[in-house]
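Chain residues, written in single-letter form:
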Amino acid sequence: MEYKRPIGLDIDLETGVIPGAKKLVRRLSDLKGYFLDEEAYNELLKEDPVVYEVYAIEQEEKEGDLNFATTVLYPGKVGKEFFFTKGHFHAKADRAEIYYGIKGKGGMLLQTPEGEAEWIPMGPGTVVYVPPYWAHRTVNTGNEPFIFLAIYPSDAGHDYGSIKEKGFSKIVIEEDGEVKVVDNPRW
Ligand code: M6P
Ligand code: ZN
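Residues numbered from 1 in each chain as written. Chains lettered and ligands numbered in written order. Predicted model: local features only at pLDDT ≥ 70, side-chain atom pairs only at ≥ 80, totals over all residues. Heavy atoms only, no water.

Undergrad: Sorry if this is basic, but what is going on with the sheet that holds strand β6 (residues 97–103) here?
TA: Working definition: the strands of a sheet are paired by backbone hydrogen bonds and lie parallel or antiparallel to each other. Strand order in the open sheet made by the six strands is β1-β2-β3-β11-β6-β9, with antiparallel pairing throughout. Sheet topology places β1 (22–27) and β9 (127–130) at the edges, where each strand pairs with a single neighbour. Ignoring strand direction, the axes of neighbouring strands in this sheet form an average angle of 20°. In terms of strand pairing, strand β2 (residues 50–57) meets strand β3 (residues 66–73) through six bridges, oriented antiparallel. Looking at the pairing, Ile-57 lines up with Phe-68 of β3. (Pairing = 2+ DSSP bridges. Helix = DSSP H or I, 4+ residues; strand = E, 2+ residues; numbered from the N terminus. Axes fitted to C-alpha atoms, helices over the stretch in contact; angles between N-to-C directions.)

Take a look at the structure:
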């Protein structure tokens, strides 16, 4: 049997960069239709800021193996809504995931297929267990990059479909200088 080689890497805890990782950049234009306030979206689109970057070390899509990735989610808002990642179910819906907060402030919105949502605040050192079948999206509620590590089965895959269409049943906004998790009026 030919064995894969172990990997040991140092994540840059200031920037979130994983050396040698595959880098993915998501700009505001990649998130068309995701934010509630279309006027604010179109205004900010003139700058088309980077919303987040992902640095991933991925294996072949085989049962039993693991991928890991850091995400650098930049601070910002579209109208009242804080910047977030697209959010997804896993294509193999029963696959779980672990997140670990490295830097900055934010949280995770999780949701069952029936639309029951939960909000878990995150900071450096927070570990979040994403159970099988829960969609998950991270949100930056601070004013510096929110950086975290994710570890997930390499055959989990991403299912963006229903979240892209309907979003989450809750949204995370700033109102009267406070972070609020409220019902999504479009849900
Ligand atoms: C984490 C992991 C990745 C995911 C990334 C961005 O790093 O969960 O699998 O791709 O966040 O999230 P999304 O794919 O929802 O944009
Ligand atoms: Zn995932």
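Having seen the structure, we can now continue with the description.
Undergrad: Explain the coordination of the zinc ion (ligand 2) here, please?
TA: Geometry sets the ideal angles at a metal, namely 109.5 degrees for four tetrahedral donors and 90 or 180 degrees for six octahedral donors. For the zinc ion (ligand 2), the full set of protein donor atoms is His-88 (NE2), His-90 (NE2), Glu-97 (OE) and His-136 (NE2), at a range of 2.0 to 2.2 Å. Relative to the metal, the four donor atoms surrounding the zinc ion (ligand 2) lie at angles of 84 to 162°, and the coordination shape comes out irregular. The sequence pattern describing where the donors of the zinc ion (ligand 2) fall on their chain is H-x1-H-x6-E-x38-H. A relative accessible area of 9% means that His-88 is categorised as buried. Since its relative accessible area comes to 4%, His-90 is described here as buried. (Donors = N, O, S within 2.8 Å, 3.2 Å for Na, K, Ca; no water. Tetrahedral: all angles 85-135°; square planar, octahedral: opposite > 155°, others 65-115°. Buried < 20%, exposed > 50% of the residue type's maximum accessible area, 1.4 Å probe, protein only.)

Undergrad: Teacher, can you tell me more about the sheet that holds strand β10 (residues 135–140) here?
TA: Across the sheet, three strands lie side by side as β8-β7-β10; this open sheet has antiparallel pairing. Each having just a single partner strand, β8 (117–122) and β10 make up the two edges of the open sheet. Here the strands of the sheet are splayed against their neighbours by 20° on average, with no regard to which way each runs.

Undergrad: Looking at this model, I keep getting lost on the site of ligand 1. Mind explaining?
TA: Close to ligand 1 lie 14 residues, the nearest being Tyr-52, Glu-97, Tyr-99, His-158 and Tyr-160. Between an oxygen atom of ligand 1 and a side-chain N or O atom of Thr-71, the distance comes to 2.8 Å. Mapped by element, the contributors of at least two residues to the shell around ligand 1 are β2, β3, β6 and β11 (146–153). Along the lines of polarity and charge, the residues of the shell around ligand 1 split into seven nonpolar, five polar and two charged. (Near = heavy atom within 4 Å. Polar contact = N/O pair within 3.5 Å; in protein donor to acceptor, adjacent residues only side chain to side chain. Nonpolar A, V, L, I, M, F, W, Y, C, P; charged D, E, K, R; others polar.)

Undergrad: How should I be thinking about the nonpolar core in this particular structure?
TA: Note that soluble globular proteins tend to have their nonpolar side chains buried in a common cluster. Ranked by size, the top nonpolar core spans 34 residues in total, and within it Leu-28, Phe-35, Val-51, Val-78, Tyr-99, Met-108 and Met-122 carry the most contacts. Of all the secondary-structure elements, those providing two or more residues to this core are α1 (38–45), β2, β3, β7 (106–111), β9, β10 and β11. Leaving out residues up to four positions away in the same chain, Met-122 has contacts with Tyr-99, Tyr-100, Gly-101, Gly-104, Lys-105, Gly-106, Gly-107, Met-108, Val-128, Phe-146 and Phe-148. (Core = buried A, V, L, I, M, F, W, Y, C linked by side-chain atoms within 4.5 Å. Contact = heavy atoms within 4.5 Å.)

Undergrad: I would appreciate a short explanation of the pattern of salt bridges in the present structure.
TA: A side chain with one charge may pair with a side chain of the opposite charge, provided their charged atoms come close. Enumeration over the complete set of coordinates arrives at 14 salt bridges. Residue Lys-103 is joined to Glu-14 by a salt bridge in which the shortest nitrogen-to-oxygen separation is 3.7 Å. Taken together, the residues Lys-103 in strand β6 and Glu-14 in the segment before β1 connect sequence positions 89 residues apart. As a salt-bridge pair, Lys-62 and Glu-60 come within 3.4 Å of each other at their nearest N and O atoms. Residue Glu-60 is classed as exposed on the basis of its relative accessible area, which comes to 51%. Here the residues in one salt-bridge network are Lys-80, Glu-175, Asp-176 and Lys-180, joined through shared partners. (Salt bridge = Lys/Arg side-chain N within 4 Å of Asp/Glu carboxyl O.)

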